[in-house]
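As a plain string of letters, each chain reads:
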Amino acid sequence: MTDAVLVHTQDAVAWITLNRPDAMNAINEDVRRLLPEALATADADPQVRAIVVRGAGPRAFCAGADIKEFVATPQPTAYRQARVHRHWIAAFDRAVKPVIAAVHGHCLGGGLEIALACDIRIAATDALFGLPETGHGIIPGAGGTQRLTRVLGLGLALDLVLTGERLDAQRALAMGLVSRLASPDDLQQAAGDLARRIAARPPLATQFAKEAVRSGAELSLADGMRLESDLCSHLVDTQDRVEAALAFQEKRPPRYTGQ
Ligand code: COA
């Protein structure tokens, strides 16, 4: 039994907590197994409309891979095979619901890769971001080199990957690595408010919008426009679209069912 990852759901929001505070929530095999399970469960739960990922304890969202596991060098082929077909971080790409990273303190290596795999990043002003991997003789292996480039562009991503330098929260906001800041005391509240605001919107539209943005980013503009148009058409006959219009007309709050 391990409680390396905790989940609880409240007000349509699933809170997934990386829970190894004594090790700064470093990612060990338990986390690699439990985090995808927690995400898949929350994503499949009809009560859940938004997911928040956060770190336990006062000092870190997540300080990356558990360095204490590094001393044992695995056989490369077995290591690759364990990851190539069902890499733990790919669980984020399978999630259809919006996933928010609520980041405080150290957000390093795999911790930054988790945050990058989320849809929205909100950070406390004490957050510190970095990809220290090359300093350990490895490279980011859970999307750091790929997703950071897509979020920041080639020049900034290469700078951070090759130097391993830390970015503070203000610079992260200025660069677009995070889209919102909160004081450390307010982060949980701010992340919860954000998640509940998204959860209050028509769920199918939210999920289709996420798919349009995420999948479209990998396509040519023409293919992305076609995808957007297809997804848009599929929403035309949903009950929630009619409910949104009726609620507007009748000047009352909408009641969305996800149908
Ligand atoms: N793996 C395993 N344990 C880690 C860890 C990691 N990635 N990061 C921190 N910890 C543990 C430390 O070993 C320490 O545990 P201990 O008290 O049992 O010795 C505890 O978390 C606190 O860390 P400590 O280094 O004492 O705190 P600090 O404030 O001096 O430094 C960091 C904080 C995050 C800067 C520092 O711990 C660090 O550089 N960690 C490694 C980050 C990293 O390179 N991650 C990428 C790996 S590829």
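Whatever comes next refers back to the structure up there.
All values reported here derive from a predicted model rather than from experimental measurement.

Conventions adopted
Sequence order sets the numbering: in each chain, residues are counted from 1 along the sequence as written. This being a predicted model, a pLDDT of at least 70 is required before a residue's local features are given, and a value of 80 or more before pairs of side-chain atoms are given or counted; all residues contribute to the totals for chains, interfaces and linings. Calculated side-chain values reflect all of the structure's heavy atoms, with hydrogen atoms and water omitted. One heavy atom suffices: a residue is near a molecule or strand as soon as one of its heavy atoms comes within 4 Å of it. For the purposes of these results, a polar contact is taken to be a pair of N or O atoms within 3.5 Å, where, inside protein, one atom must be able to donate a hydrogen and its partner to accept one; residues adjacent in sequence count only when each atom of the pair is a side-chain atom. In these tables, accessible area is a Shrake-Rupley quantity obtained with a 1.4 Å probe, and a residue counts as shielded only by the protein chains included in the view. For this analysis, a salt bridge means a side-chain nitrogen from Lys or Arg found within 4 Å of a carboxyl oxygen belonging to Asp or Glu. Think of it this way: any DSSP run of H or I at least four residues long counts as a helix, any run of E at least two long counts as a strand, and we number them from the N terminus. Using a 1.4 Å probe on the protein chains alone, a residue whose accessible area is under 20% of its type maximum counts as buried, one over 50% counts as exposed, and one in between counts as partly exposed. Whether two strands pair depends on DSSP finding at least two bridges between them. Patches here: salt-bridge-free residues with over 30% relative accessible area, like charges joined within 9 Å, nonpolar side chains (Val, Leu, Ile, Met, Phe, Trp, Tyr) joined within 5 Å.

**Description of the site of the ligand**
- The immediate surroundings of the ligand are formed by 16 residues, with Arg59, Ala63, Ala65, Ile67 and His136 found nearest.
- In the environment of the ligand, a nitrogen atom lies 2.8 Å from a nitrogen or oxygen atom belonging to the backbone of Ala63.
- Ala65 places a polar main-chain atom, nitrogen or oxygen, 2.8 Å from a nitrogen atom of the ligand.
- About the coverage of the ligand: the protein hides 62% of its 850 Å² of free accessible area.

**So, the pattern of salt bridges**
- Applying the stated criterion across every chain yields a total of twelve salt bridges.
- With a closest N to O distance of 3.3 Å, Arg33 and Asp30 form a salt bridge. With Arg33 and Asp30 both in helix H1 (residues 29-44) and three residues apart, the pair spans about one turn of that helix.
- We classify Asp30 as partly exposed; its relative accessible area is 26%.

**Things to note about the sheet that holds strand E9 (residues 167-168)**
- Across the sheet, four strands lie side by side as E4-E6-E8-E9; this open sheet has mixed pairing. The open sheet has two edge strands, strand E4 (60-62) and E9, and neither has a second partner.
- Sheet topology places strand E8 (residues 128-130) next to E9; two bridges connect them, and they run antiparallel. Paired with Phe129 across the bridge in E9 is Leu167.

**Focus on a nonpolar patch on the surface**
- On the surface, Ile67, Phe70 and Ile138 cluster together to form a nonpolar patch covering roughly 230 Å² of accessible area.
- Looking at the element boundaries, Ile67 is found in the loop between E4 and helix H2 (76-84).

**Overview of unusual backbone geometry**
- Even without being a glycine, Met24 presents a positive backbone phi close to 55°.
- Note on placement: Met24 falls in the loop between strand E2 (13-18) and H1.
- Positive phi outside glycine occurs at Lys251, with the angle close to 50°.
- By the secondary structure assignment, Lys251 is in the segment after helix H11 (239-249).

**Quick notes on the pairing of strand E7 (residues 120-124)**
- Counting buried positions along E7 gives four out of five residues, so the element sits mostly inside the fold.
- Pairing of strand E5 (residues 99-103) with E7 involves four bridges; the strand directions are parallel. Across the sheet, residue Val103 finds its bridge partner in E7, namely Ala123.
- Sheet analysis places E7 next to strand E10 (residues 180-182), joined by three bridges and oriented parallel.

It is worth stressing that arrangement in space is one thing and function is another; only the former is reported here.
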